[in-house]
Amino acid sequence: MSGFAVRDGRTLHVESTGTGEPRVLLEAGLGGTRTQWALVAPALAAVTTVLAYDRAGLGRSDPAPGPRDHARMACDLDDLIGRTPVVLVGHSLGGAVAELYARTRPDRVAGLVLVDPSAPQQDVPLPGGPAFRLLKVLQPVSDALEAASDLVRLALARPSPAVRDVAASMPPDLRAQTLREAATRSAARAVRAEGAAQQRSLTALFELRRTTPLPDIPVTVLTAGERPKQFAELWDNLAASHRRLAASVPRGRHVVAARAGHLIPQERPDLVIEEILRVVREVRGAA
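Keep in mind that what you see is a predicted model, and the values were worked out from it rather than measured.

Student: Could you give an account of helix H11 (residues 269-286), naming the residues involved and the relevant values?
Tutor: Between its terminal C-alpha atoms H11 stretches 26 Å, which fits the 26 Å expected from 18 residues at 1.5 Å a residue. Of all the residues in H11, the buried ones are Pro269, Leu271, Val272, Ile273, Glu275, Ile276, Leu277, Val279, Val280 and Val283.

Student: Explain the layout of surface pockets residue by residue, including any values.
Tutor: A probe matching the size of a water molecule, rolled over the atoms, marks out where space remains unfilled. Here the second largest pocket is characterised by a volume of approximately 210 Å³. In terms of lining, the second largest pocket is formed by 13 residues, of which the most central are Glu15, Arg34, Trp37, Ala38 and Ala41. Every element with two or more residues in the lining of the second largest pocket is listed here: strand E2 (11-17), helix H1 (41-45) and strand E4 (50-53). For the lining of the second largest pocket, the per-class residue count stands at nine nonpolar, two polar and two charged.

Student: Can you explain the environment of threonine 49? Please cite residues and give values.
Tutor: Locating threonine 49 in the fold gives a position in the loop between H1 and E4. Here the alpha-carbon distance between threonine 49 and proline 22, two residues 27 residues apart in the chain, equals 7.1 Å. Each residue touching threonine 49, except ones within four places of it in the same chain, is listed here: Ser16, Thr17, Gly18, Thr19, Gly20, Pro22, Arg23 and Val24.

Student: Now, about unusual backbone geometry: what can you tell me, with residues and values included?
Tutor: Residue proline 22 follows glutamate 21 across a cis peptide bond; omega there is -5°. Structurally, proline 22 can be placed in the loop between E2 and strand E3 (23-27). Even without a glycine there, the phi angle at serine 92 is positive, about 55°. For serine 92, the position within the fold is in the loop between strand E5 (86-91) and helix H3 (93-104). The phi dihedral of aspartate 116 falls on the positive side, at around 45°, and the residue is not glycine. Tracing the chain through its elements places aspartate 116 in the loop between strand E6 (109-115) and helix H4 (130-156).

Student: Now, about the pattern of salt bridges: what can you tell me, with residues and values included?
Tutor: Under the defined criterion, the tally for this structure stands at 26 salt bridges. A salt bridge links aspartate 8 to arginine 10; its shortest N-O distance comes to 2.9 Å. Overall, the relative accessible area of 11% leaves arginine 10 in the buried class.

Student: Explain the packing of H3 against helix H8 (residues 198-211) to me, and be specific about the residues and the numbers.
Tutor: With their axes 11 Å apart at the nearest point, H3 and H8 run at an angle of 35° to one another. In the crossing of H3 with H8, the sense of the turn from one axis to the other is left-handed. Each of Leu93, Ala96, Glu99, Leu100, Arg103 and Thr104 in H3 lies in contact with H8, whose residues at this interface are Gln198, Leu202, Leu205, Leu208 and Arg209. The residue makeup of the contact of H3 with H8, split by class, is six nonpolar, two polar and three charged.

Criteria and cut-off values
Residues numbered from 1 in each chain as written. Predicted model: local features only at pLDDT ≥ 70, side-chain atom pairs only at ≥ 80, totals over all residues. Heavy atoms only, no water. Helix = DSSP H or I, 4+ residues; strand = E, 2+ residues; numbered from the N terminus. Expected span 1.5 Å × (residues − 1). Buried < 20%, exposed > 50% of the residue type's maximum accessible area, 1.4 Å probe, protein only. 1 Å grid on protein atoms, 1.4 Å probe; cavity = no way out; pocket = protein on both sides within 12 Å on 5 of 7 lines; lining within 4 Å. Points joined across faces, edges and corners; volume = space filled by probe spheres on them. Nonpolar A, V, L, I, M, F, W, Y, C, P; charged D, E, K, R; others polar. Contact = heavy atoms within 4.5 Å. Salt bridge = Lys/Arg side-chain N within 4 Å of Asp/Glu carboxyl O. Axes fitted to C-alpha atoms, helices over the stretch in contact; angles between N-to-C directions. Left-handed = near helix turned anticlockwise from the far one by under 90°.

Structure, rendered in structure tokens:
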């Protein structure tokens with residue numbers, strides 16, 4: 001599989017490997033593509049079918065008009081999944097998209113693995129220490145600098161720092177391909193659009209949690225075990241949010257990824273593989 005047409009005629013680039021059910025669908029973090037899962041997908045494909053794809057405007061997928069909020073991403077995801085339920089795996093922003101999709105289309109998700117997923121600020125308040133009070137004061141300046149940086153990357157078609165960090169763990173040929181695909185204006189626009197809609201999307205997810213529970217399926221939430229010391233309190237708040245999310249379903253499981261920061265698929269692919277296959281086995285056992 002390569003080109004997959006969604007409802008408005010755009011084409012998403014999809015790579016399917018392995019055979020078997022349930023299928024595992026991998027949703028990358030902000031600005032990430034199918035190659036984010038390069039250290040994870042081959043081991044999964046030895047056991048079942050694995051789908052890794054590029055969101056709109058990223059990698060080899062067509063761009064999409066309008067904002068790139070989580071709800072719009074979930075529409076493409078819905079077309080891609082079709083009628084047969086999948087084990088849905090999401091990292092960071094992709095984790096929030098996967099959670100939203102599982103709440104709104106429970107009939108199409110057989111299991112859920114959220115890898116250090118983004119969380120609403122309403123659920124993970126910033127600590128009240130002096131450094132964070134200063135951060136709130138300087139936030140408008142930080143936002144302006146980030147927007148300027150986005151415009152520079154858009155003009156020069158350079159990969160974002162996050163994409164470069166992910167690519168650093170890849171074999172040389174795949175690293176070059178990832179950076180080459182990220183060095184386009186389409187990719188720069190898509191990354192900027194995803195980032196611009198992030199907080200609004202997370203607020204919508206916070207409201208959705210109040211009204212729409214996760215389905216009764218196997219759910220694993222992974223939390224990064226390593227954070228910069230100055231953000232220890234923030235990490236505690238995020239870890240608590242992840243624990244609450246896992247505890248909200250009967251078959252929920254919270255796992256702290258020792259020796260890994262936020263980029264768990266690159267730093268602890270063994271643990272990500274283990275938890276995904278655990279959910280696959282549980283889904284097969286229930287079937």
